Amino acid sequence: MRLVITGATSGIGRSLALMMKGEAELYLVGRREGALQEIAQLTGGSPIPTDVTSYAQCERLAKAVGSGPVALVNSAGVAWFGDFASMPAESLGEQVGSN
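Since we're looking at a predicted model, the values are computed, not measured. (Residues numbered from 1 in each chain as written. Predicted model: local features only at pLDDT ≥ 70, side-chain atom pairs only at ≥ 80, totals over all residues. Heavy atoms only, no water.)

Draft legend 1. Focus on the layout of surface pockets. Estimated volume of the largest pocket: approximately 250 Å³. Together, 19 residues line the largest pocket, and G7, T9, R31, A76 and G77 are the ones closest to its centre. Looking at the lining of the largest pocket, the elements with two or more residues in it are α1 (11–19) and β2 (25–30). Broken down by element, the residue count for the lining of the largest pocket peaks at three residues, all from α1. Residues belonging to the lining of the largest pocket are distributed by class as follows: five nonpolar, 11 polar and three charged. Considering only enclosed or pocket space, the second largest pocket measures out at about 150 Å³ in volume. In this structure, the second largest pocket is lined by V4, T6, V52, C58, L61, A62, V65, V70, A71, L72 and N74. Contributions of two or more residues to the lining of the second largest pocket are made by β1 (2–6), α3 (55–65) and β4 (71–74). The biggest single contributor to the lining of the second largest pocket is α3, with four residues. (1 Å grid on protein atoms, 1.4 Å probe; cavity = no way out; pocket = protein on both sides within 12 Å on 5 of 7 lines; lining within 4 Å. Points joined across faces, edges and corners; volume = space filled by probe spheres on them. Helix = DSSP H or I, 4+ residues; strand = E, 2+ residues; numbered from the N terminus. Nonpolar A, V, L, I, M, F, W, Y, C, P; charged D, E, K, R; others polar.)

So this is what it looks like as structure tokens:
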């Protein structure tokens, strides 16, 4: 099985990548290249630096993974810590774009 995990550098995505080590061909997706390399070394997965809010980068991701059966765990996300009323429009856009 081929498994693409977005948000693989932390939280649920990282935990799932560690859990699936040796169980699937892993494609690990994230924005933070250092953390992505670290989880790739721990799991033997293929790191694919990608910002899922970028259509062009998602196209590059799809080409890197290739065609055929694949499972996708879309666990990428962005968090805002603070009062909703004070959230800048840019942060709201990031929330909607990645979650």
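On we go from here.
Draft legend 2. The sheet that holds strand β3 (residues 46–49), seen in detail. An order of β3-β2-β1-β4 is seen for the four strands of this open sheet, with the pairing classed as parallel. One side of each edge strand has no neighbouring strand; the edge strands of this open sheet are β3 and β4. For this sheet, the mean inter-axis angle between neighbouring strands, taken without regard to orientation, is 20 degrees. Two strands pair when backbone bridges link them, and β2 and β3 are joined in this way by four bridges, in the parallel orientation. If you follow G30 over to β3, its bridge partner there is P49. Packing against the sheet, helix α2 (residues 33–43) makes contact with β2 and β3, and its axis sits at approximately 165 degrees to β2. Lying on the sheet, α3 is in contact with β1, β2 and β3; it crosses β3 at an angle near 160 degrees. (Pairing = 2+ DSSP bridges. Axes fitted to C-alpha atoms, helices over the stretch in contact; angles between N-to-C directions. Contact = heavy atoms within 4.5 Å.)

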